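# A closer look at the structure
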Amino acid sequence: YVTGDRVLVLANNGPQEERIHFDLPDGDWRQVADGERMSLDGVEGEYHRLGGGGHHIPVPARSFLIWVRD
C-alpha cells in the first residue's frame with residue numbers, strides 16, 4: 001500500500017514468497033527497508049530505485065519492503 005502519497009509498504013505474512021503487483025505515483029522511489037536491513041539513506045538491491053508506474057516485485061515470506069519517494 002502507498003500512504004501519504006510518499007511511502008510504499010509491501011508486506012507478505014504468508015509462508016512463501018509472493019509476487020505483488022502495484023502502481024506507484026510518479027516520482028523517484030528509494031528503498032529504505034528490505035526485510036533484513038533498514039536505512040533512511042537507502043538499501044542496495046535489485047529494486048533499490050523505482051520510478052512511477054506499474055511494478056511486479058517478489059516479497060519474501062514473512063517480510064516487508066519499504067520505499068520512500070524522494
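This text goes with the structure placed above it.
My aim in this report is to walk through the structure given alongside it, one point at a time. (Residues numbered from 1 in each chain as written. Predicted model: local features only at pLDDT ≥ 70, side-chain atom pairs only at ≥ 80, totals over all residues. Heavy atoms only, no water.)

Moving on, we come to the pairing of strand β2 (residues 7-12). Sheet topology note: the strand β1 (residues 2-3)/β2 ladder contains two bridges and is antiparallel. Within β2, the residue paired with T3 across the bridge is V7. Where β1 hands over to β2, the hairpin turn is made up of three residues, of which G4 adopts a positive phi near 60 degrees. Note that β2 and strand β5 (residues 63-69) share six bridges and pair antiparallel. In the sheet register, V7 faces β5, and the bridge partner there is V68. (Pairing = 2+ DSSP bridges. Helix = DSSP H or I, 4+ residues; strand = E, 2+ residues; numbered from the N terminus.)

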